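# Observations on chain architecture
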Amino acid sequence: MIKALALGGGGAKGSYEIGVWQYLREIDWQADIIAGVSVGALNGAIIAQDDYETAAELWRNIEINKVIRLEAGDSPAEAGQLLKKAESYLKSVSAYRMGLNTEPLAALIAENINEEKIRQKGRKFGLITNLWEPPKLTPLELFLQDIPQGQLNDYLMASAALFPALQSKIIDGKAYVDGGYYDNVPINMCLKNGADCVLAVDLDAIGFTKEFKTEPGQEVKIIKPFRNLGNVLNFNAAAAAKNMKYGYLDALKAFNKAKGCYFTFENQAFTQCSPTEQKALAKVKTAFNTETQNSVRGKAGENIGKNLEKKYRHSLTMQNDLYHICAEAAGEVFDLEATKLYSETAFRRDLAEKVQKQILQDKIYDNFGFSKSQSLKKKLRSIDSPHRALTLYKRLGERAEEVNSLLDDASILMFPLEFLAAVFLSTTGIKI
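Residues numbered from 1 in each chain as written. Predicted model: local features only at pLDDT ≥ 70, side-chain atom pairs only at ≥ 80, totals over all residues. Heavy atoms only, no water.

Moving on to the overall build of the protein chain. Helix and strand counts for the protein chain stand at 18 helices and 10 strands. Considering the protein chain as a whole, with its 432 residues, one finds that 55% of them fall into the buried category. Carbon and sulfur atoms make up 47% of the accessible area of the protein chain, which totals about 19,400 Å². (Helix = DSSP H or I, 4+ residues; strand = E, 2+ residues; numbered from the N terminus. Buried < 20%, exposed > 50% of the residue type's maximum accessible area, 1.4 Å probe, protein only. Areas by Shrake-Rupley, 256 points an atom, 1.4 Å probe, with all protein chains shown as cover.)

Structure representation (structure tokens):
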């Protein structure tokens, strides 16, 4: 079997890919073909030279001044906004008009990527860039043998030339721009070049991702973050370290060594619940039934259920995974740390600690009379997400079997995550 690793573009989000690679190294999953776009090409080159410590050290110490040389008046945020209109912008400006200065990135590549070592390793390494002859963009899918000796670093810069935010790359008098303007996740490049199994990392970033079609015997697995990894130009060490952890945990899930979406749980977590909890969950399923319902309230609940399943990319369903969905909702509402691998016990413990802090604030809120004489609907609109969940939890009476009384109030449909978090709290035994 020929295995391929397809690494997507995404600028500062790229540390996520190194987290994925960390797990692949642990299970000795090695690619015969490595293809990357933009930052994925830079990461792919380091993977091709088999130098994990270099990659990890680079990202642990990344700062914007190591990628971009900021001049007076330069703004990475404003440059990033240009990317939203990049396709039309590319067709209207000169290839030599300046974006942000990327000389520091060139130096970083020269310091960390060894072309000779990559060529000696003999792994099939490729990248995508675009030849830019305004207004025409010509995509180029290049493997190492297509790149002249000594020019790999230039073509890595070309693949990552996120114009107009960053400078285009001039090679032999011709201008090149980011490969993401053609295909930001090079799955097709791998399939066309003989891969039977493609593991793709999609950073969910700006760019065009082409549809792919597999032939008999080919398979594609995609790892894509549920969480926002930040702005493509937000190069800083703290964000990079967190994104590496997300990448590692999402790789665990992709290989079925853990489960979850926004959070990561041991596989056995949230698989069993008590008869009382099962009754409560059955009533919740009725409220968010994805089968046809006739009432207006029933249709609203059905639509929210479908939206929640879409939020979890249909890897979780209201019918089969409601207990797990309630846990995810509680973690999100109470802002639990997402860079951990949780057992069910540890998750409940961390949630309880967060909830106790919110309970204190909630009591202060109530004692000052802010919420007196307010309808549930009005109160829910006036408080933040954790306090909404606590308010709904109180209405549950701390007893999961009383879910029906709350379901009768249509205002819960305005805040489905907080309601599901409240249902989960009812299984924790937390007292208010």
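So, about helix α11 (residues 275–287). Over its 13 residues, α11 runs 19 Å from end to end, which matches the ideal 18 Å to within 8%, given 1.5 Å per residue. Within the sequence span of α11, burial applies to Glu277, Ala280, Leu281, Val284 and Ala287. Angular distribution of buried residues about the axis of α11 spans 105°; they occupy a single face of the element. Of the exposed residues in α11, the ones pointing more than 90 degrees away from its buried face are Pro275, Lys279 and Thr286. (Expected span 1.5 Å × (residues − 1). Arc of directions from axis to C-beta.)

Moving on, we get to empty space enclosed by the protein. The tally for this structure, following the rule as stated, stands at three cavities of 30 Å³ or more. In this structure, the largest cavity encloses a volume near 230 Å³. Lining of the largest cavity is provided by 22 residues; of these, Val39, Leu42, Trp59, Leu105 and Phe235 occupy positions nearest its centre. Considering only residue class, the lining of the largest cavity consists of 17 nonpolar, four polar and one charged. (1 Å grid on protein atoms, 1.4 Å probe; cavity = no way out; pocket = protein on both sides within 12 Å on 5 of 7 lines; lining within 4 Å. Points joined across faces, edges and corners; volume = space filled by probe spheres on them. Nonpolar A, V, L, I, M, F, W, Y, C, P; charged D, E, K, R; others polar.)

One pass over the structure, following the stated rule, counts 11 salt bridges. Between aspartate 250 and lysine 253 there is a salt bridge, with the nearest N and O atoms lying 3.1 Å from each other. Within this pair, aspartate 250 and its partner lysine 253 are both found in helix α10 (residues 237–254), separated by three residues, close to a single helical turn. Given the relative accessible area of 13%, lysine 253 is considered buried. The network of salt bridges with common partners includes Lys340, Arg349 and Asp350. (Salt bridge = Lys/Arg side-chain N within 4 Å of Asp/Glu carboxyl O.)

Okay, the side chain of asparagine 130 next. Mapping asparagine 130 onto the fold places it in strand β3 (residues 124–133). Setting aside residues no more than four positions away along its own chain, asparagine 130 makes contact with Leu137, Thr138, Pro139, Ala175, Tyr176, Val177, Asp178, Gly179, Tyr181 and Tyr182. (Contact = heavy atoms within 4.5 Å.)

Grouped together as the largest cluster of nonpolar side chains are 121 residues, with contacts concentrated most on Leu156 and Leu420. In this structure, leucine 420 is in contact with Val284, Phe288, Leu308, Leu322, Ile325, Cys326 and Ala329, ignoring residues within four places of it in sequence. Of all hydrophobic cores here, the second largest spans 15 residues; its members include Ala4, Ile128, Val185 and Val198. (Core = buried A, V, L, I, M, F, W, Y, C linked by side-chain atoms within 4.5 Å.)

On to the layout of surface pockets, then. Empty space among the atoms can be located by rolling a probe the size of a water molecule over them. Of the volumes computed, that of the largest pocket is approximately 380 Å³. Breaking the lining of the largest pocket down by element, the ones donating at least two residues are β8 (219–223) and α10. Counted by class, the lining of the largest pocket contains seven nonpolar, four polar and seven charged residues.

The next subject is α10. Helix length check: α10, at 18 residues, gives a terminal C-alpha distance of 25 Å against a target of 26 Å (1.5 Å per residue), a fit within 8%. A large share of α10 lies buried, amounting to 13 of its 18 residues. Where α10 begins, the side chain of asparagine 236 points an oxygen toward the backbone nitrogen of alanine 238, at a separation of 3.2 Å. At the C-terminal side of α10, asparagine 256 shows a positive phi close to 60°. (Polar contact = N/O pair within 3.5 Å; in protein donor to acceptor, adjacent residues only side chain to side chain.)

What follows covers the side chain of aspartate 250. By relative accessible area, aspartate 250 is classed as buried at 12%. Here lysine 253 takes part through its side chain, which lies 3.1 Å from a polar atom of the side chain of aspartate 250. Ignoring any residue separated from it by four or fewer positions in sequence, one finds aspartate 250 in contact with Tyr16, Ile223, Lys224, Pro225 and Phe226.

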